[in-house]
Amino acid sequence: MRQPHNALDGLDMEVAAGQVHGFLGPNGSGKTTTLRALLGLIATDGGAMRIFGEEVPKRLPHVTARVGAVVESPQFFKHFSGRLTLQLLAESVGVPPKRVDEVLEQVGLRDQAKQSVKGYSLGMRQRLAVGQALLKQPELLILDEPANGLDPAGIHHMRSLLQWLAHEQGVTVVVSSHLLSEVQLLCDSMTIVSRGRRIVDGRVADIIAGHSGSQLSVRFDDAGRIRDAVEALQAAGGGVTVTAEKERLLVTGAHEASWVTKTLADAGIYLSELTTETKNLESVFLELTGTTPQAGQPVQVGQTAAPVAAAEAALETATGGDRR
């Protein structure tokens with residue numbers, strides 16, 4: 001008999017108004033489940049969720065007009081043009097026809113508006129999906145992998161659009177994405193989850209700064225000396241953490257780079273390169289979620305999620321002037 005599995009287990013998340021908020025986690029961490037539950041697409045068996053202070057899904061009809069969303073792969077009638085697709089959607093929700101042209105311009109599909117959707121690339125279909133989410137001029141925009149299928153120019157355009165919506169128009173944007181480098185450029189704040197629980201949340205810059213301890217990259221002319229170098233550094237103490245990779249060592253916690261150089265030289269090991277590395281969001285994410293860039297398999301890490309009440313899956317957005 002299969003054991004019950006909690007897709008969300010004590011997830012508590014609050015999103016500030018007028019920001020781009022990243023919602024991050026490994027595959028299977030509960031991101032899409034959270035968004036689908038919030039939008040009433042799946043049922044939950046516990047916890048509380050609110051949008052603009054209204055409990056959902058019970059009060060979802062009262063806030064639907066203020067929310068735009070794209071969750072998972074968007075589906076369209078492939079023989080309809082992009083313009084007709086948005087026109088029909090606009091009519092169904094009482095949006096003026098002129099809004100269709102505004103949205104097509106915003107998502108960069110004005111020149112392809114007359115083409116049928118079946119001829120659209122994956123990136124163009126993604127733009128169309130974001131366009132339909134913008135039709136109602138929502139106060140809260142929820143996007144699951146908005147950069148999916150976009151080329152670099154398209155990603156840049158999407159980033160500029162979302163930041164303009166948040167910072168100039170006051171729209172609250174929640175973005176779930178696996179493109180960590182893009183999240184670092186795009187988002188003001190973020191929540192990282194793993195196994196259905198929140199690990200950390202806050203401003204992106206603050207989270208990176210809080211986990212950006214000194215890290216040195218050490219290389220050798222003879223890669224065969226890496227194992228000897230690990231043993232020498234560990235034997236010397238100093239409270240450092242040493243990680244062996246294929247062609248280099250990563251040393252964290254050394255007070256001075258010269259200590260690494262001297263310790264290895266005293267052991268008869270001479271390095272060919274020593275550089276200081278600044279952590280980015282990707283390295284912080286891997287550290288916090290317990291995954292490694294080599295194998296991508298879970299490992300035990302020092303920081304764990306804070307204790308939270310089981311079965312409390314709460315994504316709350318308060319109605320105050322500074323929270324949404």
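Just so it is clear, the structure is predicted and the values come from calculations on it, not from any experiment.

**Q** I would appreciate a short explanation of the packing of aromatic side chains in the present structure.
**A** Centre distance and the angle of the planes are the two values used to describe a pair of aromatic rings. All chains considered together, the criterion is met by 1 aromatic pair. Ring plane angle 40° and centroid distance 5.2 Å describe the contact between Phe77 and Phe80, whose orientation is recorded as tilted. Judged by relative accessible area, which is 28%, Phe80 ranks as partly exposed. Against the face of Phe52 rests Arg66, its NZ or CZ located 3.9 Å from the ring centre.

**Q** Just checking my understanding: could you explain the side chain of Ser177 for this structure?
**A** If you trace the backbone, Ser177 turns up in the loop between strand E7 (172-176) and helix H6 (180-186). Of the polar contacts made by the side chain of Ser177, one reaches the backbone nitrogen of Leu179; its length is 3.0 Å. Those residues within four positions of Ser177 in sequence are excluded, and the remaining contacts are Phe23, Leu24, Glu145 and Val183.

**Q** I'm lost on helix H9 (residues 257-266) in this one. Help?
**A** Helical periodicity: at 3.6 residues per turn, an α-helix aligns residues three or four positions apart in one direction. Those residues of H9 that sit buried are Val260, Thr263 and Leu264. What you see down the axis of H9 is that its buried residues fit within an arc of 95°, all on one side. Residues of H9 that are exposed and point more than 90 degrees away from the buried face comprise Lys262 and Asp266. On its buried side, H9 packs onto strand E10 (215-219), helix H8 (226-236), strand E12 (249-252) and strand E13 (273-277). Where H9 ends, the next residue or the one after it, Gly268, has phi of about 75°, a positive value.

**Q** What am I meant to see in the sheet that holds strand E5 (residues 67-70) here?
**A** Strand order in this open sheet of 6 strands is E5-E6-E7-E2-E8-E9, and the pairing throughout is mixed. Both edges of this open sheet fall to E5 and strand E9 (197-203), since each of them pairs with a single strand only. For this sheet, the mean angle separating the axes of adjacent strands, direction not counted, is 15°. Pairing of E5 with strand E6 (residues 140-144) involves 4 bridges; the strand directions are parallel. Opposite Val67, over in E6, you have Leu140 as the bridge partner. Along the sheet, helix H10 (residues 281-289) contacts strand E2 (20-24), strand E8 (189-194) and E9; its crossing angle with E8, the most-contacted strand, is approximately 35°.

**Q** Got a minute to help me understand helix H5 (residues 152-167) in this structure?
**A** Between its first and last C-alpha atoms H5 spans 22 Å; for 16 residues at 1.5 Å apiece the expected length is 22 Å, and the two agree. Restricting attention to buried positions, one finds in H5 the residues Gly154, Ile155, Met158, Arg159, Leu161, Leu162, Leu165 and Ala166. Seen along its axis, H5 keeps its buried residues to an arc of 165°; they face one direction. Those residues of H5 that are exposed and aimed more than 90 degrees away from the buried face are Pro152 and Ala153. Residues of H5 that are buried sit in contact with E2, helix H3 (98-106), helix H4 (122-134), E6, E7 and H6.

**Q** Mind showing me how you'd approach the sheet that holds E12 here?
**A** In a beta sheet, neighbouring strands pair by backbone hydrogen bonds and run either parallel or antiparallel. Taken together, the 4 strands give an open sheet; going across it, the order is E11-E12-E10-E13, and neighbouring strands pair in antiparallel fashion. Looking along the sheet, the strands with just one partner apiece sit at the ends: strand E11 (241-244) and E13. In this sheet, adjacent strand axes meet at a mean angle of 20° when their direction is disregarded. With 4 bridges connecting them, E10 and E12 associate as antiparallel partners.

**Q** Looking at this model, I keep getting lost on the nonpolar core. Mind explaining?
**A** Among soluble globular proteins, nonpolar side chains are generally buried collectively. Residues Leu24, Leu134, Leu141, Leu162, Val173 and Ile192 are the most contacted members of the largest nonpolar core, which totals 50 residues. If we ignore the near neighbours within four places in the chain, the residues touching Ile192 are Leu24, Arg197, Arg198, Ile199, Val200, Phe285, Leu288 and Thr289. Counting residues in each nonpolar core, the second largest holds 21 residues, with Leu8, Leu38, Leu60 and Val63 among its members.

**Q** Sorry if this is basic, but what is going on with the pattern of salt bridges here?
**A** Side-chain pairing between opposite charges can occur once the charged atoms of the two side chains come close. Using the criterion set out here, one finds 12 salt bridges in the structure. Between Arg66 and Glu139 there is a salt bridge whose closest N-O contact spans 2.9 Å. Taken together, the residues Arg66 in the loop between strand E4 (54-56) and E5 and Glu139 in the loop between H4 and E6 connect sequence positions 73 residues apart. Here Arg66 falls in the partly exposed class, since its relative accessible area comes to 30%. Within this structure, Glu105, Arg110 and Asp111 form a network of salt bridges that share partners.

**Q** Would you explain the packing of H4 against H5 in this entry?
**A** Describing two packed helices takes the angle between their axes plus the distance from one axis to the other. Interhelical geometry of H4 versus H5 gives an angle of 10° and a closest axis separation of 12 Å. Classified by the interaxial angle, the pair formed by H4 and H5 is roughly parallel. Remark: the crossing between H4 and H5 carries left-handed chirality. Of H5, the residues touching H4 (which contributes Arg127, Val130 and Leu134) are Gly154, His157, Met158, Leu161 and Leu165.

Cut-offs and rules
Every chain is numbered independently, its residues counted from 1 as its sequence is written. Totals for whole chains, interfaces and linings use every residue, but because this is a predicted model, local features are given only for residues with pLDDT of at least 70 and side-chain atom pairs only at 80 or more, for both listing and counting. Processing note: side-chain calculations cover all non-hydrogen atoms of the structure and skip hydrogens and water entirely. Stacked, tilted and edge-to-face are the three classes applied to pairs of Phe, Tyr and Trp rings, where Trp contributes its six-membered ring and a pair requires centres within 6.5 Å; stacked means planes under 30 degrees apart, edge-to-face means over 60, and tilted covers the rest. Per-residue accessibility, obtained with a 1.4 Å probe over protein chains only, is compared with the maximum for each type, and a residue is labelled buried under 20%, exposed over 50%, and partly exposed between these values. Both a distance and an angle decide whether a charge sits over a ring: NZ of Lys or CZ of Arg must be within 6 Å of the ring centre and within 35 degrees of the ring normal. Comment: elements are numbered from the N terminus, with helices defined as DSSP H or I runs of at least four residues and strands as E runs of at least two. Nitrogen and oxygen atoms within 3.5 Å of one another constitute a polar contact, given that in protein one can donate a hydrogen and the other can accept it, and given that sequence-neighbouring residues count only through two side-chain atoms. Residue contacts are counted whenever heavy atoms from the two residues lie within 4.5 Å of one another. By definition, the arc is the one covered by directions from the helix axis to the C-beta atoms. The pairing criterion for strands is at least two bridges between them, as found by DSSP. The angle between two axes is taken between their N-to-C directions and runs from 0 to 180 degrees, where each axis is a line fitted to C-alpha atoms and a helix contributes only its stretch in contact. The span you would expect from a helix comes to 1.5 Å times its residue count less one. Nonpolar cores are built from buried Ala, Val, Leu, Ile, Met, Phe, Trp, Tyr and Cys residues. Side-chain atoms within 4.5 Å join them into one set. Counted as salt bridges are all cases of a side-chain nitrogen of Lys or Arg within 4 Å of a carboxyl oxygen of Asp or Glu. Comment on the angle field: the value is read as roughly parallel under 35 degrees, roughly antiparallel over 145, roughly perpendicular from 65 to 115, and oblique elsewhere. Note on convention: near helix rotated counterclockwise from far helix by under a right angle means a left-handed crossing. Clockwise means right-handed.

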